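Listed below are the residues making up each chain.
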Amino acid sequence: MNGSPLLERADNFCRRFALQAPILLAPMAGACPVPLSAALANAGSMGAMGAVLSQPQDIVAWMTDFRAQSAGPAQVNVWIPDPLPSRDADAEAATRRFLAKWGPEVPASAADAGPADLDAQFDALIEARPAVASTIMGVFSPAQVQRLKDVGIAWIACATTLAEARAAQAAGADAVVAQGFEAGGHRGAFDPEAAERQLPRLADHLDIPVIAAGGIADGRGIAAALTLGASAVQVGTAFLRTPECQLNPAWSQALANAEPEDTWPTRAFSGRLGRGLATAYVRAAASADAPPPRPYPVQRGLTAPMRAQAGRDNSLDAMQAWAGQSAWMAPARPAAEVLQQMWADAKALLG
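What you are looking at is a predicted structure, and each value in this text was computed from that prediction instead of being measured.

**So, the environment of proline 35**
Stage number 1. Relative to the assigned elements, proline 35 resides in helix 2 (residues 34–42).
Stage number 2. Among the residues examined, proline 35 registers a relative accessible area of 33% and is labelled partly exposed.
Stage number 3. In sequence terms proline 35 and proline 291 are 256 residues apart; their C-alpha atoms lie 39 Å from each other.
Stage number 4. Contacts of proline 35, omitting those with residues within four sequence positions, involve Gln69, Glu244 and Gln246.

Here it is in C-alpha cells:
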C-alpha cells in the first residue's frame, strides 16, 4: 500500500491478521461453504464459518476441509445464547396454523428447539484453531477469552452500538465489527428486544480496530468505510452470487433483481431480527392479522419445516433468503475476482 493514512491503518490491520486486503468474508451460516472461504483466503481475504447451530465435530471438520484448500486465515463465528424464553402454547399453536399455509404441518414439538451448546462449540473451536473466533449477540466469558489467548486465537466481536463495542473491548476483543442496519442476515444486538433501534457509532471511541459491515459491496463502500475510521470491512451479500457460494438458484436470481427497499428486517424466520428479501412469506408475516413471531429459538424451530421444504422446492416465497441492502450489486463472478476488483477500486478512490 502507499503512504495514505487511511491505507496505513488498513495495512496495519492486514499485517495483524495475515491478509492482503482489508476485506473479510462475513460468516453467513449456511452460505459460507469451504470453496468460497478457501477461494477468498487464497486471494488475500479471510475465510469464514457461521457456526450458529453447528455441532462440535462439524466445526473441526470445516476447518480441516478449509486447511486442505487454503493456507490462509479463517474465522469461526458463534452465537452467544440468550436466556431461554418463556413459552406460550396458545401463541405457538397460532403460529403453527399460520406456517401451515406456507409449508407442511408443524408439529408442536418443533417449538422445543434449543440453542446450540456453546461450551461444546467452544471446545471444538479451541481444537480446530482458526485464526479468529468471532461472536455475535454478546461476548465471551473471561475464562473463554483466556483460553483463546492461551492458544493464540484472536477474537472479533460483532456490535451494533457503542455500548456493545465498549463492552467487547473491555472483555478483551481484538477488533469489533460495527454492524450497520443495512446488513443482511441476523442483527447482532446483545439485547434481542432492542435490535430494531440500534446503530453503531464506534470509530472515534475505541482503541481496537473497527471493521465496518452492512451494505458494502464495491470499492466505493470500502473507501467510504475506511475514510470514516474503519480499519477493514466485512462483506457478505456481495459474495452470495459467486459460483463458489453455491446458493439456491431462486435466492441468487432474486438478489439480482432486488432494490434496497426489497429487503426487510424481520423476525419471522427465527424470532431474532434479521434482514432478508421481502418474500411473500415475509410480507404476509408482517401483516396486521399475522401472529407475532415467537421468541428465538422457538420461532426458528417452528419455521424449520417450512424453510426446509422451500429449499428443496427452490421456492422463494417461503425461503429464508437473507440479503443486505446492497443485494442488487452482488455480481455473478468468481469470488477472488470480486474481491480483487473491490480492493483495486477502493485503493484508486483513496489515492
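**As for the packing of aromatic side chains**
Stage number 1. Throughout the structure, instances matching the rule amount to 9 aromatic pairs.
Stage number 2. Ring geometry for phenylalanine 140 against tryptophan 155: centres 5.3 Å apart, planes inclined by 50°, an arrangement best described as tilted. Remark: tryptophan 155 occurs in strand 5 (residues 154–159) and phenylalanine 140 occurs in the loop between strand 4 (132–136) and helix 6 (142–151); sequence separation between them is 15 residues. Side by side, phenylalanine 140 and tryptophan 155 carry an identical accessibility label, which is buried.

**A few points about the pattern of salt bridges**
Stage number 1. Inspection of the entire model under this criterion finds 8 salt bridges.
Stage number 2. Linking arginine 87 and glutamate 92 is a salt bridge whose minimum nitrogen-to-oxygen distance equals 2.5 Å.
Stage number 3. Residue glutamate 92 is classed as buried on the basis of its relative accessible area, which comes to 7%.
Stage number 4. Across the pair arginine 220 and aspartate 218 runs a salt bridge, and its minimum N-O distance is 2.7 Å.

**Remarks on the sheet that holds strand 6 (residues 175–179)**
In a beta sheet, neighbouring strands pair by backbone hydrogen bonds and run either parallel or antiparallel.
Stage number 1. As summarised here, the arrangement of the 8 strands in space is 1-9-8-6-5-4-3-2, forming an open sheet in which the pairing is parallel. The two strands at the open ends of the sheet, each matched to only one other strand, are strand 1 (23–25) and strand 2 (47–50). The mean angle between the axes of side-by-side strands here comes to 25°, regardless of whether they run parallel or antiparallel.
Stage number 2. The pairing of strand 4 with strand 5 spans 4 bridges and is parallel. Of the residues in strand 5, the one forming a bridge with serine 134 is isoleucine 156.
Stage number 3. In this fold helix 7 (residues 162–171) packs onto strand 5 and strand 6, with an angle of close to 165° to the strand it touches most, strand 5.

Cut-offs used in this document
- Residues numbered from 1 in each chain as written.
- Predicted model: local features only at pLDDT ≥ 70, side-chain atom pairs only at ≥ 80, totals over all residues.
- Heavy atoms only, no water.
- Helix = DSSP H or I, 4+ residues; strand = E, 2+ residues; numbered from the N terminus.
- Buried < 20%, exposed > 50% of the residue type's maximum accessible area, 1.4 Å probe, protein only.
- Contact = heavy atoms within 4.5 Å.
- Phe/Tyr/Trp six-rings, centres within 6.5 Å; stacked < 30°, edge-to-face > 60°.
- Salt bridge = Lys/Arg side-chain N within 4 Å of Asp/Glu carboxyl O.
- Pairing = 2+ DSSP bridges.
- Axes fitted to C-alpha atoms, helices over the stretch in contact; angles between N-to-C directions.

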